[in-house]
Amino acid sequence: MSSTQGWRKVVQHGLVPKFSPLILPARGLKKKHVIQFRKAPVEYPPVTGTENWRRKMRTCFRCFDVNGAGYITKEDFLISAKRIADYLDLNDERAEHMLYQRISMWDLISKRKEGASKISEEECLKSAPMVFNQRSCRIESFPLQISMHFTSVDLDSDGLISRDEQKALAYSFNVSEKDSQKVFDLLDIDKDGVITIDEIAHAFAEFFFTEDPNNT
Ligand SMILES: [Ca+2]
Ligand SMILES: [Ca+2]
């Protein structure tokens, strides 16, 4: 299906995981939300690992490698969580909630690498095409990662990512405010000033599963 066919609702099972240790006031995602992809991950052709695609993966890796050590480790997730908490001056409860979510993301990544304590850029790039081509990834773990990412960025748990929440994430990844602004505008497909999980899901699917040189 071509992405020009409009917003066809493709339902995949990507329920928001119940990994939060705290009960926070929330609406939206606390209710079960099934991600509606504009184009389901399984509909994209297999990734072959073109130079353009590898460049996107490197950019992504370098965002997660917050301390620039050349590896992704648990420490990167801890630093990122602290930077978000500082940027938004979160109270202890919210900071702890978000920290737990970011650690859960690391645990999931590490578990996939047989409990590795650090992951290098080369390892990441080498295994990425195979990982992204697995049916189980496209059907289960990809939507799960999106849900975890979304929940960890949606700091006030209102089911939407605001400009400030996006800015806090960008700050934690050492991304400039100008670039963060650009990313926000790209993600906010319907231009209503907030990002929904379905908008994020579409952007992530296009980013990770498209090798089109025009997709950067
Ligand atoms: Ca929010
Ligand atoms: Ca929007």
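Residues numbered from 1 in each chain as written. Chains lettered and ligands numbered in written order. Predicted model: local features only at pLDDT ≥ 70, side-chain atom pairs only at ≥ 80, totals over all residues. Heavy atoms only, no water.

Any two side chains of opposite charge can pair if their charged atoms end up close together. In this structure the tally under the stated criterion is eight salt bridges. Here D185 and R163 are joined by a salt bridge, their closest N and O atoms 3.0 Å apart. Remark: R163 occurs in helix α6 (residues 163–172) and D185 occurs in helix α7 (residues 177–187); sequence separation between them is 22 residues. What makes D185 partly exposed here is its relative accessible area of 32%. (Salt bridge = Lys/Arg side-chain N within 4 Å of Asp/Glu carboxyl O. Helix = DSSP H or I, 4+ residues; strand = E, 2+ residues; numbered from the N terminus. Buried < 20%, exposed > 50% of the residue type's maximum accessible area, 1.4 Å probe, protein only.)

The calcium ion (ligand 2) binds to the protein through D188 (OD), D190 (OD), D192 (OD), V194 (O), E199 (OE) and E199 (OE), with metal-donor distances spanning 2.3 to 2.4 Å. Classification of the site at the calcium ion (ligand 2) rests on its six donor atoms, whose angles at the metal span 54 to 155°, yielding the label irregular. Sequence spacing among the residues donating to the calcium ion (ligand 2) works out to D-x1-D-x1-D-x1-V-x4-E. (Donors = N, O, S within 2.8 Å, 3.2 Å for Na, K, Ca; no water. Tetrahedral: all angles 85-135°; square planar, octahedral: opposite > 155°, others 65-115°.)

The protein atoms that coordinate the calcium ion (ligand 1) are D154 (OD), D156 (OD), D158 (OD), L160 (O), E165 (OE) and E165 (OE), at distances spanning 2.2 to 2.5 Å. Taken together, the six donor atoms coordinating the calcium ion (ligand 1) and their angles of 53 to 153° define a geometry best described as irregular. Sequence positions of the residues that donate to the calcium ion (ligand 1) give the spacing D-x1-D-x1-D-x1-L-x4-E. We classify D154 as buried; its relative accessible area is 5%. On the basis of relative accessible area, D156 is assigned to the partly exposed category, the value being 38%.

What follows covers the nonpolar core. Formed by 46 residues in total, the largest nonpolar core has its most connected members in F37, M98, F132, F142, I146, I200 and F209. For this core, the secondary-structure elements that each account for two or more residues are α1 (51–64), α2 (74–88), α3 (92–112), α4 (121–133), α5 (135–153), α6, α7 and α8 (197–209). (Core = buried A, V, L, I, M, F, W, Y, C linked by side-chain atoms within 4.5 Å.)

To continue, consider the environment of E165. By secondary structure assignment, the location of E165 is in helix α6. A relative accessible area of 5% means that E165 is categorised as buried. In contact with E165, not counting residues within four places along its chain, are V153, D154, L155, D156 and L160. (Contact = heavy atoms within 4.5 Å.)

Further remarks concern the UniProt feature "domain: EF-hand" (unreviewed entry) in the chain. Residues given the UniProt feature "domain: EF-hand" (unreviewed entry) here are residues 52–87 and 175–210. A distance of 33 Å separates the end C-alpha atoms of residues 52–87, which is 75% helix and 8% strand. Taken end to end, residues 175–210 has its terminal C-alpha atoms 23 Å apart, with 67% of it in helix and 0% in strand. (UniProt positions renumbered as here; feature names shortened; annotations may be inferred.)

Turning to α6, its buried residues are E165, Q166, A168, L169, A170 and S172. Against the buried residues of α6 lie α2, α3, α5 and α7. Positive backbone phi, approximately 60°, marks N174, located one or two places after α6.

A separate point is the side chain of T73. Its location among the elements puts T73 in strand β3 (residues 71–73). Take T73: its relative accessible area is 18%, and that puts it in the buried class. Excluding residues within four positions of it along the chain, T73 makes contact with W106, S117 and K118.

In the contact formed by α3 and α5, the axes pass within 9 Å of each other and the chain directions differ by 155°. Judged on the interaxial angle alone, α5 and α3 are roughly antiparallel. In the packing of α3 onto α5, the handedness of the crossing is left-handed. Between α3 and α5, the residues in contact are M98, Q101, R102, S104, M105, L108, I109 and R112 and S141, L144, Q145, M148, H149, T151 and S152, respectively. Of the residues contributing to the contact of α3 with α5, the split by class is six nonpolar, seven polar and two charged. (Axes fitted to C-alpha atoms, helices over the stretch in contact; angles between N-to-C directions. Parallel < 35°, antiparallel > 145°, perpendicular 65-115°, else oblique. Left-handed = near helix turned anticlockwise from the far one by under 90°. Nonpolar A, V, L, I, M, F, W, Y, C, P; charged D, E, K, R; others polar.)

What follows concerns the packing of aromatic side chains. In the structure shown here, the tally under the stated rule is 13 aromatic pairs. Each ring, one from F37 and one from F142, has its centre 6.3 Å from the other, and the planes form 25°; the classification is stacked. Of the two residues, F37 sits in strand β2 (residues 36–37) while F142 sits in helix α5, which places them 105 residues apart along the sequence. An aromatic cluster is defined as three or more aromatic residues linked by ring pairs; in this entry it consists of F37, Y44, W53, F132, F142, F204, F207, F208 and F209. Over the ring of Y44 we find K39, and its NZ or CZ is 4.4 Å from the ring centre. Over the aromatic face of Y171 sits the side chain of R83, whose NZ or CZ is 4.3 Å from the ring centroid. (Phe/Tyr/Trp six-rings, centres within 6.5 Å; stacked < 30°, edge-to-face > 60°. Lys NZ or Arg CZ within 6 Å of the ring centre and 35° of its normal.)

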